[in-house]
Amino acid sequence: MSSFFTIPGAQKKRKRAPATDLPKKRVATSKFSKTPAKSKPAPTPAPTKRVERDESISGSDSESDVAIDDHQSSESASESENEGETAAEKRLRLAERYLENVRQEVDETGFDAEEIDRDIIAERLQEDVAEAKGKVYRTIASELAVDQASHTLFRCNTLSTTSVAICAPYVYTVTKDQCLVKWKLQDLPANQYPQTTKKKPKTPPAPPRRRPTKVAMVKGNNKKAKEKGYQGHMADILCVAASQDGKFVVTGGADKRLIVYDAKSLKPLRVFMHHRDAVTGLAFRRGTNQLYSASKDRTVKVWSLDELTYIETLFGHQDHVVDIDALAQERCVSVGARDRTARLWKVVEETQLVFRGGSIDKKQKAHIDPRSMAHEGNMDRVAMLDDDLFVTGSDNGSLALWSIQKKKPLFILPQAHGLEHPLLPTEASAEVAPGPQVVPPPQPRWITALRTLPYSDLILSGSWDGYVRVWRLSGDKKKIEAAGVLGNPSSAAAADYKPNGVSADDSGDEMEVDGVPVNGTDASPWMVKGVVNDIALFERGERGKDGLCVVAGVGKDHRLGRWKTIKGGKNGAVVFEVPRTKKSLENGVTGAS
C-alpha cells in the first residue's frame with residue numbers, strides 16, 4: 001500500500017507554475033458564504049494603472065506626469081508602512097506631524113526679542129487642549145486697543161432695535177415693529193481698496209466705507225392674526241439668532257411665534273407655535289444647528305433645525321425666562337427674571353443645577369449713598385465664558401460671576417454702569433416748594449445687554465449710560481475687572497472711571513444721554529444715545545489678529561417694555577471696530593513691540 005513516505009523522491013516534488021502565470025489572490029473565507037472560499041477560482045487581477053501609464057507614456061518627457069506618479073507611489077508607500085502600526089504608534093505619528101507643522105509656522109513668522117524664552121509650541125498645545133475641554137484659554141482683553149475703537153451708527157426707519165445676531169460678514173437686527181433686517185458689514189479699511197498694479201496711484205484712495213449696507217428686509221403684519229397660513233410675526237420681535245454655518249436665522253416674538261428663515265433670502269421655512277407666551281431668548285449650540293429658546297411661559301425648549309423639528313421642553317423656572325446662552329456642550333444656561341435664579345440645563349442627563357441670586361455687595365463705598373445699594377429684583381441677562389463659568393446681569397446694576405461648582409456667585413461687581421441722574425425736588429414731590437430732603441437716592445442702571453467672547457476673558461455689558469463697557473476676567477478667574485469703555489475716543493472718561501462704574505462726581509455732574517458732560521470732565525466723548533438692548537461680536541482675521549467687531553442694538557426704550565424711555569435716543573445699531581494693540585500675534589502669543 002503506497003503512502004507519502006513510500007513514494008519515490010522524484011514524484012514528491014511539487015510542480016511549479018509557469019513563469020507567465022501571476023500569483024493567485026488569497027480570498028478570505030466568510031462565515032455567510034455557502035461554498036468554501038478555496039473552491040472559487042481566484043480572479044486574475046488586471047495590470048495596475050501605473051504599468052499601463054508607464055507603457056503609454058514611455059516616449060514622453062512630461063515632468064508633471066512623473067511628479068504625479070512619484071506622489072502616488074509615495075502615498076501608497078506611506079499607506080503600506082502604516083498598515084501594521086498600533087493605535088499608540090498612530091497617535092505618536094500624528095503628534096509628531098502636528099509638532100512639525102507648528103515648528104514650520106514658528107520658523108516662518110519668527111520670534112520677538114521678548115518671546116525667545118517662551119515655549120511657543122507648548123503654549124499652543126495647551127490652548128488646543130483647553131479649547132477641547134471647554135476652558136478659558138485666551139486672554140485677549142488686555143490686547144485690545146479699546147480707546148482707539150471706531151464707531152458707526154446705522155439704522156432704517158424702524159422702532160427700537162431689540163436684538164442683534166452676527167454670522168460674519170452679515171448682521172441681523174430685529175425691531176419692535178416686526179422688522180427683520182439683514183445687513184452686510186464693511187471690510188476693514190485696509191482691505192476695501194486693494195491695489196491691483198505695481199504703479200503708484202496718482203490720486204489718493206477714497207475714504208473707507210464704514211456704514212453697513214442693507215441687504216434684505218422682512219416685515220410682519222399685525223393685522224393678519226386670523227390667517228392661519230401666515231408665516232410672519234404679528235407683534236414685537238424680541239430676539240434673533242443666526243447659525244454658525246450661515247443656513248438659518250431664527251426670530252422669536254411677543255406673538256408666541258418662533259420663525260425659522262433661510263439666511264440667504266430671508267424666506268420663512270417653518271413657523272413653530274409651541275410656546276404659550278412670548279419668546280424672549282434664543283441661542284444656538286456652538287458648531288451645530290441645535291437651538292434653545294426661552295419664553296415667558298417659564299419653559300426652555302430644544303429644537304433641531306437640521307430636521308426643523310421640536311425635541312423637548314425643560315421645566316423648572318418660577319417666572320419668565322428672559323435670556324439664555326449656550327456653548328459647544330449639550331447644555332445651556334437661562335435666567336428667570338423675578339425668581340432670581342440661573343439654571344444650568346444638562347440636556348442629555350435630563351438634570352439641572354440651580355444658582356440662586358439676590359446677594360449684594362455689603363462693603364460700604366465712601367462715595368455712594370448706602371440707600372443706592374439696591375437689592376437684586378430681576379436677573380435679566382446671562383452669558384457663558386466657558387463650560388464652567390458664566391456671568392449674569394441684574395436690575396440692580398450688578399454683574400455676578402458664577403461657577404458651576406458653587407451655588408453662590410464667586411464675585412459681584414455692583415453698579416457696573418453707574419447711578420441714575422438724581423431727580424429734581426419738583427420732580428420728586430408735588431409740593432409748591434419742596435426741599436432737597438424729599439429727593440430719593442439715585443438708583444443704579446439696569447444691565448440691559450451682556451455678551452462674552454467664548455473661551456476668553458472678555459466681557460461686554462450695556463445699559464443706558466451711553467457706553468458699552470468692557471470687562472475682563474482676572475487671572476485667577478475669580479473676579480471681574482474693568483478694561484475700558486467703547487465709544488470713548490479720549491481717555492478722559494476712562495481715567496475718571498471707577499471699577500464699580502461710579503465716578504467721584506457721579507451725584508451731580510454725570511452725563512445724561514442727551515448731551516450733558518460726563519463725570520465732571522470737559523471732554524465730550526461720543527456716546528450711544530439710547531438703551532443698549534443687545535450686543536453681538538466676532539473676531540476679525542485668523543485668531544482675531546485684525547481686532548474685534550462689536551455690534552450693539554440701540555433703542556429709545558427697553559426691549560421688553562417702556563419702563564425707561566431715553567429722550568433724544570435713536571433707534572438702530574452701532575458698529576465698533578476695536579483694533580489690536582501693536583503686539584506680536586504668532587500662534588496666539590503676545591509680546592510688547
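One can find the structure itself at the top, above this paragraph.
What counts and how
- Residues numbered from 1 in each chain as written.
- Predicted model: local features only at pLDDT ≥ 70, side-chain atom pairs only at ≥ 80, totals over all residues.
- Heavy atoms only, no water.
- Helix = DSSP H or I, 4+ residues; strand = E, 2+ residues; numbered from the N terminus.
- Contact = heavy atoms within 4.5 Å.
- Areas by Shrake-Rupley, 256 points an atom, 1.4 Å probe, with all protein chains shown as cover.
- Salt bridge = Lys/Arg side-chain N within 4 Å of Asp/Glu carboxyl O.
- Buried < 20%, exposed > 50% of the residue type's maximum accessible area, 1.4 Å probe, protein only.
- Phe/Tyr/Trp six-rings, centres within 6.5 Å; stacked < 30°, edge-to-face > 60°.
- Lys NZ or Arg CZ within 6 Å of the ring centre and 35° of its normal.
- 1 Å grid on protein atoms, 1.4 Å probe; cavity = no way out; pocket = protein on both sides within 12 Å on 5 of 7 lines; lining within 4 Å.
- Points joined across faces, edges and corners; volume = space filled by probe spheres on them.
- Core = buried A, V, L, I, M, F, W, Y, C linked by side-chain atoms within 4.5 Å.
- Pairing = 2+ DSSP bridges.
- Axes fitted to C-alpha atoms, helices over the stretch in contact; angles between N-to-C directions.
- Nonpolar A, V, L, I, M, F, W, Y, C, P; charged D, E, K, R; others polar.
- Patch = residues over 30% accessible without salt bridge, like charges linked within 9 Å, V, L, I, M, F, W, Y side chains within 5 Å.
- Lys, Arg positive; Asp, Glu negative; His and termini not counted.
- Charge placed at Lys NZ, Arg CZ, Asp CG, Glu CD.

**With respect to the overall build of the protein**
For step 1, the next point in the chain: Counting secondary structure elements, the protein contains eight helices and 28 strands.
For step 2, the next point in the chain: Residue pairs in contact within the protein that sit at least 24 positions apart in sequence constitute 54% of those at least 6 positions apart.
For step 3, the next point in the chain: When the accessible surface of the protein is summed, it comes to about 32,500 Å², and 51% of that surface belongs to carbon and sulfur atoms.

**Comments concerning the pattern of salt bridges**
For step 1, the next point in the chain: In this structure the tally under the stated criterion is 13 salt bridges.
For step 2, the next point in the chain: For Asp319, the salt bridge identified is with Arg338, shortest N-O distance 3.5 Å. Of this pair, Asp319 sits in the loop between β13 (309–315) and β14 (323–326) while Arg338 is found in the loop between β15 (331–335) and β16 (341–346), placing the two residues 19 residues apart along the sequence.
For step 3, the next point in the chain: Residue classification places Arg338 among the exposed positions, given a relative accessible area of 57%.
For step 4, the next point in the chain: Here the salt bridges share partners, and the residues they tie into one network are Lys176, Asp557 and Arg562.

**A look at the packing of aromatic side chains**
For step 1, the next point in the chain: One pass over the structure, following the stated rule, counts eight aromatic pairs.
For step 2, the next point in the chain: When the centroid spacing of 6.1 Å and the interplanar angle of 70° are considered together, the rings of Phe355 and Trp402 count as edge-to-face. Of this pair, Phe355 sits in strand β17 (residues 351–356) while Trp402 sits in strand β20 (residues 399–403); the two residues are 47 residues apart in sequence, bridging distant segments of the chain. Assigned by exposure class, Phe355 and Trp402 land together as buried.
For step 3, the next point in the chain: Positioned over the ring face of Tyr170 is Lys182, at 4.3 Å from the centre of the ring.
For step 4, the next point in the chain: Residue placement shows Lys407 over the ring face of Phe355; its charged tip is 5.4 Å from the ring centre.

**Comments concerning empty space enclosed by the protein**
For step 1, the next point in the chain: Tallied over the full model, the rule gives six cavities of 30 Å³ or more.
For step 2, the next point in the chain: Each pocket or cavity is described by its volume, and for the largest cavity that value is around 120 Å³.
For step 3, the next point in the chain: As for the largest cavity, its lining consists of 15 residues, and the residues nearest its centre are Gln186, Asp187, Arg209, Arg210 and Glu577.
For step 4, the next point in the chain: Those elements giving two or more residues to the lining of the largest cavity turn out to be β1 (150–154), α6 (189–192) and β28 (572–578).
For step 5, the next point in the chain: Top contributing element to the lining of the largest cavity by residue count: β1, with three residues.

**A short note on the nonpolar core**
For step 1, the next point in the chain: Counting 23 residues, the largest nonpolar core has Leu458, Val468, Leu486, Ile535, Leu548, Val550 and Phe576 as the members making the most contacts within it.
For step 2, the next point in the chain: Those elements giving two or more residues to this core turn out to be β23 (458–462), β24 (468–473), β26 (531–539), β27 (548–555) and β28.
For step 3, the next point in the chain: With four residues, the single largest contributor to this core is β27.
For step 4, the next point in the chain: Dropping the residues within four chain positions of it, Leu458 is found in contact with Ile140, Ala141, Leu144, Leu385, Thr452, Leu453, Val470, Trp471, Leu537 and Leu548.
For step 5, the next point in the chain: By size, the runner-up hydrophobic cluster in this structure holds 18 residues, among which are Val322, Ala337, Trp402 and Ile412.

**Considering the side chain of Ser394**
For step 1, the next point in the chain: Tracing the backbone shows Ser394 in strand β19 (residues 389–394).
For step 2, the next point in the chain: Once residues lying within four places of it in the same chain are set aside, the contact partners of Ser394 are Glu376, Asn378, Met379, Asp380, Trp446 and Ile447.

**A word on the sheet that holds strand β6 (residues 237–242)**
For step 1, the next point in the chain: The four strands lie next to each other as β6-β7-β8-β9, forming an open sheet whose pairing is antiparallel. Among the strands making up the open sheet, the edge pair consists of β6 and β9 (268–272). Averaged over all pairs of adjacent strands, the angle between strand axes in this sheet comes to 20°, irrespective of strand direction.
For step 2, the next point in the chain: Pairing geometry for β6 and strand β7 (residues 248–253), over five bridges, is antiparallel. Following the sheet pairing, Ile237 is matched in β7 by Gly253.

**Things to note about the pairing of strand β8 (residues 258–262)**
For step 1, the next point in the chain: The buried fraction of β8 amounts to four of the five residues, a majority that puts the element mostly inside the structure.
For step 2, the next point in the chain: Looking at chain direction, β7 and β8 are connected through five bridges and run antiparallel. Pairing of Gly252 across the sheet is with Leu258, part of β8.
For step 3, the next point in the chain: Count of turn residues in the β8/β9 antiparallel hairpin: five residues, of which Leu266 carries a positive phi of about 60°.

**Here's the deal with unusual backbone geometry**
Most peptide bonds take the trans form, and the phi angle of most residues other than glycine is negative.
For step 1, the next point in the chain: Each neighbour pair has its own omega, and for Ala168 with Pro169 the value is 5°, a cis peptide bond.
For step 2, the next point in the chain: Tracing the backbone through its elements, the reader meets Pro169 in the loop between β2 (161–167) and β3 (170–175).
For step 3, the next point in the chain: Look at Ala337: it is not a glycine, yet its phi comes out positive at around 55°.
For step 4, the next point in the chain: Phi at Glu350 is positive, roughly 60°, even though this residue is not glycine.
For step 5, the next point in the chain: With respect to the element layout, Glu350 can be found in the loop between β16 and β17.

**Looking at the sheet that holds β1**
For step 1, the next point in the chain: Taken together, the four strands give an open sheet; going across it, the order is β1-β28-β27-β26, and neighbouring strands pair in antiparallel fashion. Of all the strands in the sheet, the pair left with one neighbour each is β1 and β26. In this sheet, adjacent strand axes meet at a mean angle of 20° when their direction is disregarded.

**Describing the layout of surface pockets**
For step 1, the next point in the chain: Empty space within the largest pocket amounts to approximately 1,000 Å³.
For step 2, the next point in the chain: Looking at the lining of the largest pocket, the elements that each hand over two or more residues are β2, β6, β10 (279–284), β14, β18 (379–384), β22 (449–452) and β26.
For step 3, the next point in the chain: Residues that form the lining of the largest pocket fall into these classes: 28 nonpolar, nine polar and eleven charged.

**Quick look at a positive patch on the surface**
For step 1, the next point in the chain: A surface patch of like charges, here positive, comprises Arg155, Arg211, Lys529, Lys556 and Lys570.
For step 2, the next point in the chain: Arg211 gets classed as exposed once you look at its relative accessible area, which sits at 52%.

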